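As a plain string of letters, each chain reads:
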Amino acid sequence: MKKSLSLVAFSLAAAASLTACTDSTSAGAKSASERIRADWPSLTSSVDRDPALEKRIDELLTAMTNAEKVGQVIQPELRHITPDQVREYHIGSILNGGGSFPQGNKQASIDDWLALADAFYAASMDASDGHQTIPIMWGTDAVHGHNNVIGATLFPHNVGLGAAHDPELIEEINTVTAREVAVTGIDWNFSPTVAVARDDRWGRAYESYSENPELVQAYAGRAVQGLQGSPGDDFLGAGHVIATAKHFVGDGGTGAGVDRGDVVITEESLRDIHAPGYFTAIEAGVQTVMASFNSWQGEKLHGHRYLLTDVLKNQLGFDGLVVGDWNGHAFVDGCSLTSCPQALNAGVDIFMAPEDWRELYSNTLDQVAAGVISQSRLDDAVRRVLRVKLRAGLFDKGMPSRRPFAGRADLLGAAKHRDVARRAVRQSLVLLKNNQNLLPLALNRKVLVAGDGAHNIGKQAGGWTLSWQGTGNTRDDFPGATSIYEGISEIVEAAGGKAELSEDGRYDSRPDVAIVVFGEDPYAEMQGDLSHLDYSSDQDLALLQRLRAAGIPVVSVFLTGRPLWVNPEINASDAFVVAWLPGSEGGGVADVLFRNAEGEVIYDFTGRLPFSWPGTAVQTPLNIGQADYKPLFPYGFGLSYADAGESVAQLSEESGLSTTDGNSVLSVFRDRALAPWTTVIGDESRRSMPVSGSGASLPGISIKPVDRNVQEDSRRVQWTGTSDARVGFFANERTDLEPYAESGGVLIVNLQILRAPSESVHLGMECGQDCGAEVDVTSALRDLQEEKWQSLAVSLQCFSTPQMDFSLVLSPFYLRSEGEMDLSLHHVRIEPSAKPDLRCD
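Quick caveat: nothing in here was measured; it's all calculated off a predicted structure. (Residues numbered from 1 in each chain as written. Predicted model: local features only at pLDDT ≥ 70, side-chain atom pairs only at ≥ 80, totals over all residues. Heavy atoms only, no water.)

What follows deals with the sheet that holds strand β4 (residues 188-189). Here three strands make up an open sheet; going across it, the order is β2-β3-β4 and the pairing parallel. Looking at strand neighbours, the two that pair on one side only are β2 (93-96) and β4, the edges of this open sheet. Across two bridges, strand β3 (residues 137-140) lies against β4 in parallel orientation. Each residue of the ladder has a partner; that of Gly139, found in β4, is Trp188. (Pairing = 2+ DSSP bridges. Helix = DSSP H or I, 4+ residues; strand = E, 2+ residues; numbered from the N terminus.)

Below, the structure written as structure tokens:
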């Protein structure tokens, strides 16, 4: 997309300011009216304002009641609304969240999606009660392909696409994505994410194209064009969908990479680092912008009138609609899930209110009647909603199932679409090490393919894949997809070589080379946040070292959503490839690793780092342009086969992390089970069942995510009383808690008792077979007030028995009972100095 002169100027200003004001802090938070206004650009959308369309909006607004108008600004989630309720409340849009499907069926067919889309559409167009007929919109998070639908093409996540440094590829990918979304009758995609991630500890870093705002700026407009089409005859026509630039603004700049945290930087830095993606998106005609969960200088974006209205709508000239994020309005000061006039008054045009939407609807209607929300603000919000719907042709397109491309099963996961994804994988791969020119490999060799990521499409696809966190998936959930092992096997076996799959790296016949695929397990927002960048998997490192010690050349293929400290793993590899999160087309990896049958290079490595690579586990934030910039591998680094003879010397294996001394808080569960622990339930029918992000159930116990402060930050656990059952956090590696035990540490859990225990309850720690200790906490739990969040603190000395070894802990927390009980867990941790409720001196 051709830049305007104003954008060229702002691009240069951004580059200059990366050194001068990169992530600089302000002197202090001030009210919006007191803040110094930065020189934001005045932009012109390529979608012209149509007088005839505006006149039609005027006519609709005049005819609509406030009850009908409020319905247009409420967006419930698929699982919490019916077509009848759409008709009754005049609902203007719905969404399906990650892991939400028609009738709750993960295997829902294209026809199932279309049938439900038709039902909601028909309800919105039913004029039997005399109300205005306004077609409903359906929004979905198709963030790396149509990732909620079985059989769809899954592209590399944005971090990998950033490594490709190819704006044309971005437009092509989004064109394919729009077409596959259209197959299911959905109108609206909550994409692209144009965040500029500045701290790799952030759990959404992989949704960012780059730490460099210039690359994000170059991509954003092209992504929008791919989804919506170019303004003119193609705009929002057949096979195109409404796009969303998100999350406005600063989501990638929170302190310490904490999801939904505070961005404490100057307005100039906010503009120059975190806003450039919105500039090209707006110029490309993006129709919707999603407000961000984060705060800027202490003020939540969902309630930030200056940024949403004064800057985005007025100065930047955005005339589409602003949609909130999942219950994002509830975190604005003075707001709740069911009441937030502040958000609408600030410039949010649609509340994303998944479950508690009916009370929010009623309260918003009352607030308009009382003047808390002005009639003009409500009318402006509805005008923007109607403008987007009219521009998208929703008043004329008819039933979703009758639209062009709807029901085209031949397009979902089509071979041509998968070819684009496979090419994207090839372009995303970054080669960090290739000592002795081990790569490319000859095809006619005996190849061992090892590691837990070798034949695991769920792992290579990452988060936002069929479920929110990308967990709970199996090979059967990816028809038509290719694992990295399958891609290697296909080309090696065809050339007369042999590819052997062995996850643990054991082999009967000595291989010529080993390709080890390993890396991060799937995660998404919040649950993907880290406290440091140490990859630290003893199992993976031991596998690499064992193969290397046997004299077998080792090629590491690292699956990751961000740069991580992997110096020991790089040292244990002859070649090291960063594959990011490649999606469904693992064959793209093999395309680059191997020569053809004639010994020639098929595809070279062209990927270059979109993020700076750290030299220690604590070297973050680390971004191009900052003072004292000394990464292990700089932004833009990447070897190719033309770099023959270049070697990576032995790297330092000093992580920079301090050894645990028992003086800091050790969190075990906070929003999710933190590495190295996994949430596990068990009963007499099954001793140990790892729990995915969506929960799990056994006859004696069940667990599911619930909300305390933010979405799914807690777990509700229910004991049925049918057998001895337990829940806990377990790891495959040991943690040394001896320093905490010796310094008087305390195990603390924040919990909410929903039903007091009917039988005895034991809190335990485990360190292996016949190694561990338990404490009876029945009375302590029964004494807690029900329905109230409280803390239970137990001295570690209570676990100090001859059977307990604090230096070898596998599970620092589990709860076990044979009776009935219902409680929610929030934050489980070990603190070095806290007052215990239970002492065992």
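Under the counting rule described, the total for this entry stands at 20 aromatic pairs. An angle of 80° between the planes, with centres 5.2 Å apart, marks the rings of Tyr535 and Phe558 as edge-to-face. Residue Tyr535 is found in the loop between β15 (513-519) and α19 (538-549), and its partner Phe558 is found in strand β16 (residues 554-559); the two are separated by 23 residues along the sequence. Phe558 shares its class with Tyr535; the two are buried. Joined through ring pairs, the aromatic side chains of Phe518, Tyr535, Phe558 and Phe576 make up one cluster. Lying across the ring of Tyr121, Arg403 places its NZ or CZ 5.6 Å from the centre. (Phe/Tyr/Trp six-rings, centres within 6.5 Å; stacked < 30°, edge-to-face > 60°. Buried < 20%, exposed > 50% of the residue type's maximum accessible area, 1.4 Å probe, protein only. Lys NZ or Arg CZ within 6 Å of the ring centre and 35° of its normal.)

Grouped together as the largest cluster of nonpolar side chains are 108 residues, with contacts concentrated most on Trp40, Ile74, Ile91, Leu307 and Leu386. Residues within four places of Ile91 in sequence aside, it is in contact with Gly71, Gln72, Ile74, Pro76, Ile81, Gln85, Val86, Ile136 and Trp357. Of all hydrophobic cores here, the second largest spans 50 residues; its members include Val749, Leu763, Phe799 and Leu823. (Core = buried A, V, L, I, M, F, W, Y, C linked by side-chain atoms within 4.5 Å. Contact = heavy atoms within 4.5 Å.)

On to empty space enclosed by the protein. Scanning the entire structure with this criterion turns up eight cavities of 30 Å³ or more. Size it by volume and the largest cavity reaches roughly 100 Å³. Val143, Asn158, Leu161, Ile173 and Asn174 are the residues nearest the centre of the largest cavity, which is lined by 16 residues in total. Contributions of two or more residues to the lining of the largest cavity are made by α6 (158-164) and α7 (167-183). Of the residues forming the lining of the largest cavity, the biggest block, four residues, is contributed by α7. (1 Å grid on protein atoms, 1.4 Å probe; cavity = no way out; pocket = protein on both sides within 12 Å on 5 of 7 lines; lining within 4 Å. Points joined across faces, edges and corners; volume = space filled by probe spheres on them.)

Below, the discussion takes up helix α13 (residues 357-369). Across its 13 residues, α13 extends 18 Å between first and last C-alpha, which sits within 8% of the 18 Å expected from 1.5 Å per residue. Among all positions of α13, only Trp357, Leu360, Tyr361, Thr364, Gln367 and Val368 are buried. Buried residues of α13, seen end-on, are gathered within an arc of 130° and therefore sit on one face of the element. Along its buried surface, α13 packs onto α3 (66-72), β1 (74-75), α4 (83-89), α12 (341-346), β11 (351-352) and α14 (375-391). (Expected span 1.5 Å × (residues − 1). Arc of directions from axis to C-beta.)

This part is about the layout of surface pockets. By volume, the second largest pocket amounts to about 980 Å³. What lines the second largest pocket is a set of 44 residues, and nearest its centre among them are Arg79, Trp326, Asp707, Gln711 and Glu712. Going through the elements one at a time, β5 (244-248) and β22 (701-706) are the ones with two or more residues in the lining of the second largest pocket. For the lining of the second largest pocket, the class distribution of residues is 16 nonpolar, 16 polar and twelve charged. (Nonpolar A, V, L, I, M, F, W, Y, C, P; charged D, E, K, R; others polar.)

All right, on to the pattern of salt bridges then. Across all of its chains, the model carries 40 salt bridges by this definition. The salt bridge partner of Arg79 is Glu77, with a shortest N-O separation of 3.0 Å. Residue Glu77 is classed as buried on the basis of its relative accessible area, which comes to 0%. Across the salt bridge formed by Arg816 and Asp724, the nearest N and O atoms sit 3.1 Å from each other. One end of the pair, Arg816, is in strand β29 (residues 811-817); the other, Asp724, is in the loop between β23 (714-720) and β24 (725-730), with 92 residues separating them in the sequence. With a relative accessible area of 21%, Arg816 lands in the partly exposed category. Salt bridges sharing common partners tie together Arg204, Glu207, Asp259, Arg260 and Glu525. (Salt bridge = Lys/Arg side-chain N within 4 Å of Asp/Glu carboxyl O.)

Next up on the list: the sheet that holds strand β8 (residues 295-296). Sheet architecture is open: three strands sit in the order β6-β8-β9, paired in mixed fashion. In this open sheet, the two strands that pair with only one neighbour each are β6 (262-263) and β9 (299-300). With two bridges connecting them, β8 and β9 associate as antiparallel partners. Counted as the bridge partner of Trp296 is Glu299 from β9.

Between Phe248 and the following residue, Val249, the backbone shows a cis peptide bond with an omega angle of -5°. Assignment of secondary structure puts Val249 in the loop between β5 and β6. With omega at 10°, the peptide bond leading from Ala675 into Pro676 counts as cis. Its identity as a non-glycine residue notwithstanding, Gln436 has a phi of 55°, on the positive side.

This part covers the state of the cysteines. Under the definition given, this model contains three disulfides. Here Cys767 engages in a disulfide with Cys771; their sulfurs sit 1.8 Å apart. The disulfide joining Cys767 to Cys771 has a torsion of about -95° about its S-S bond and is therefore left-handed. Grouping residues by exposure puts Cys767 and Cys771 together as buried. Between the sulfur atoms of Cys798 and its disulfide partner Cys840 the distance amounts to 2.0 Å. The chirality of the disulfide connecting Cys798 with Cys840 is right-handed, given an S-S dihedral of about 90°. Note that Cys798 is positioned in the loop between β28 (789-795) and β29 and Cys840 in the segment after β30 (820-831), a separation of 42 residues in sequence. Among the residues examined, Cys840 registers a relative accessible area of 36% and is labelled partly exposed. Disulfides within the chain link the bonded cysteines, taken in sequence order, as 1-2, 3-4, 5-6. (Disulfide = S-S within 2.5 Å.)

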